[in-house]
Amino acid sequence: MTRETQAHGHDRADPDLDAVLWGCCRAGAGWFWMARHTAWDGTVRRTAHGWRETWDDATRDGAAAARHLAAGTRAQVFLRHRAAEYALRVLLEESGALVARR
């Protein structure tokens, strides 16, 4: 179970209500955006991410991706910039561009 599911009502009586998180963060000279559709049991269903030159463009793309991931589902949408920071860190670590500190 993720912190998002704990913080946003995992114990409620509606198990079919999912969460879509999205956010933006600084990435070098540009901006990184991400969106993630998560079931309330913590299962990640779909993700999207990308890079843009400006904060406005990243915000626009992140919000559009969140709407797209939520379309046709029963989901609440949450803005979480820290989720974008975490997703960027994971992507960089997986690609080898960021060496994890031990």
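Residues numbered from 1 in each chain as written. Predicted model: local features only at pLDDT ≥ 70, side-chain atom pairs only at ≥ 80, totals over all residues. Heavy atoms only, no water.

A look at helix 2 (residues 55–70)
For step 1, the next point in the chain: Here helix 2 spans 22 Å end to end across 16 residues, near enough to the 22 Å set by a 1.5 Å rise per residue.
For step 2, the next point in the chain: Of the residues making up helix 2, those classed as buried are A58, T59, G62, A63, A65, A66, L69 and A70. Projected down its long axis, helix 2 shows its buried positions confined to an angular sector of 160 degrees, all on one face. Relative to its buried face, helix 2 has exposed residues pointing more than 90 degrees away, namely R60, R67 and H68. (Helix = DSSP H or I, 4+ residues; strand = E, 2+ residues; numbered from the N terminus. Expected span 1.5 Å × (residues − 1). Buried < 20%, exposed > 50% of the residue type's maximum accessible area, 1.4 Å probe, protein only. Arc of directions from axis to C-beta.)

Structural notes on helix 3 (residues 81–95)
For step 1, the next point in the chain: Along its 15 residues, helix 3 runs 21 Å from first to last C-alpha, staying within 8% of the 21 Å computed at 1.5 Å per residue.
For step 2, the next point in the chain: Along helix 3, the positions that sit buried rather than exposed are A83, A84, A87 and L88. Buried positions in helix 3, seen along its axis, are confined to an arc of 135 degrees and lie on one side of it. Exposed side chains of helix 3 directed beyond 90 degrees from the buried face belong to R82 and Y86.
For step 3, the next point in the chain: Where the residues of helix 3 are buried, they touch strand 1 (18–27), strand 2 (30–38) and strand 3 (44–52). (Contact = heavy atoms within 4.5 Å.)

Quick word on the nonpolar core
For step 1, the next point in the chain: In terms of nonpolar packing, the biggest core is built from 12 residues, these being V20, W22, C24, W31, W33, A35, A58, A63, A65, A66, L69 and A70.
For step 2, the next point in the chain: For this core, the elements supplying multiple residues, two or more each, are strand 1, strand 2 and helix 2.
For step 3, the next point in the chain: When residues in this core are grouped by element, the largest group, 6 residues, is from helix 2.
For step 4, the next point in the chain: With sequence-adjacent residues up to four places away left out, W33 is seen in contact with G23, C24, A48, H49, G50, W51, R52, A58, D61, G62 and A65.
For step 5, the next point in the chain: Counting 8 residues, the second largest nonpolar core, distinct from the first, contains A27, F32, A84 and A87. (Core = buried A, V, L, I, M, F, W, Y, C linked by side-chain atoms within 4.5 Å.)

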